[in-house]
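Spelled out from the first residue to the last, the chains are:
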Amino acid sequence: QLRFVESGGGLVQPGGSLRLSCAVSGFTLDSYDIGWFRQAPGKEREGISLIVSYVNATFYADSVKGRFTISRDNAKNTVYLQMDSLKVDDTAKYYCGLADIETAPAGDLLKCDWRSWGQGTQVTVSS
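Cut-offs and rules
- Residues numbered from 1 in each chain as written.
- Predicted model: local features only at pLDDT ≥ 70, side-chain atom pairs only at ≥ 80, totals over all residues.
- Heavy atoms only, no water.
- Helix = DSSP H or I, 4+ residues; strand = E, 2+ residues; numbered from the N terminus.
- Rg over C-alpha atoms; globule rule 2.2 N^0.38 Å.
- Buried < 20%, exposed > 50% of the residue type's maximum accessible area, 1.4 Å probe, protein only.
- Core = buried A, V, L, I, M, F, W, Y, C linked by side-chain atoms within 4.5 Å.
- 1 Å grid on protein atoms, 1.4 Å probe; cavity = no way out; pocket = protein on both sides within 12 Å on 5 of 7 lines; lining within 4 Å.
- Points joined across faces, edges and corners; volume = space filled by probe spheres on them.
- Nonpolar A, V, L, I, M, F, W, Y, C, P; charged D, E, K, R; others polar.
- Disulfide = S-S within 2.5 Å.

A. Representation of the overall build of the chain within the structure. Looking only at helices and strands, one finds 0 helices and 11 strands in the chain. Along its sequence from the N terminus, the chain presents helices and strands in the succession β-β-β-β-β-β-β-β-β-β-β. Taken over C-alpha atoms, the radius of gyration comes to 14 Å for the chain, in line with the 14 Å a tight globule of 127 residues would show. With the C-alpha coordinates aligned to their principal axes, the bounding extent of the chain is approximately 40 × 35 × 25 Å. Burial statistics for the chain: of 127 residues in total, 44% are counted as buried.

Shown next as structure tokens:
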């Protein structure tokens, strides 16, 4: 059974930073494509970042590129999302999950389907 437990969300002012953590179990972290997506009320789900394991490549949505950084610690079985220069539009519930990159359209890996994810953690950016 795949399990994902997100943490680290909270309230932050515009321009601030947060680091989200995702503790995973049920699989070997370095053998799967893991990423983050977010959901805000009234908006579609948005894949924001993922790691393609076999090529050790990272991908980011245009909306967060240059501000967010995804990483993993295989020894701790944990995935991180470092979020810098936060904007009000980043307000959403953030989920960590297993990406099915074969479902993504050509040239846009972040539009893949997600096979499993956790309970999410809320990020609110407000002054």
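B. Representation of the nonpolar core within the structure. Within the largest apolar cluster, 28 residues are counted, with the highest numbers of intra-cluster contacts made by Phe4, Ile34, Trp36, Phe68, Leu81, Met83 and Tyr94. Counting 10 residues, the second-largest nonpolar core is a separate cluster that includes Phe37, Leu50, Ala104 and Trp114.

C. Spatial organisation of the layout of surface pockets. Volume-wise, the largest pocket comes out at about 250 Å³. In terms of residue class, the lining of the largest pocket is made up of 5 nonpolar, 1 polar and 7 charged.

D. Layout of unusual backbone geometry. We note that asparagine 56 has phi near 50°; this positive angle belongs to a residue other than glycine. If you trace the backbone, asparagine 56 turns up in the loop between β5 (46–52) and β6 (57–60). Positive phi values are uncommon outside glycine, yet asparagine 77 reaches one of about 55°.

E. Structural detail: the state of the cysteines. Per the counting criterion, the structure on display carries 1 disulfide. A sulfur-sulfur distance of 2.2 Å marks the disulfide that ties cysteine 22 to cysteine 96. Between cysteine 22 and cysteine 96 the disulfide shows an S-S torsion of about -80°. By sign, it is left-handed. Of this pair, cysteine 22 sits in strand β3 (residues 18–25) while cysteine 96 sits in strand β9 (residues 92–100), and the two are 74 residues apart along the sequence. Both residues of the pair, cysteine 22 and cysteine 96, count as buried. For cysteine 112, which is in no disulfide, the shortest distance to another cysteine sulfur is to cysteine 96 and amounts to 12 Å. Its relative accessible area of 2% is what places cysteine 112 among the buried residues.

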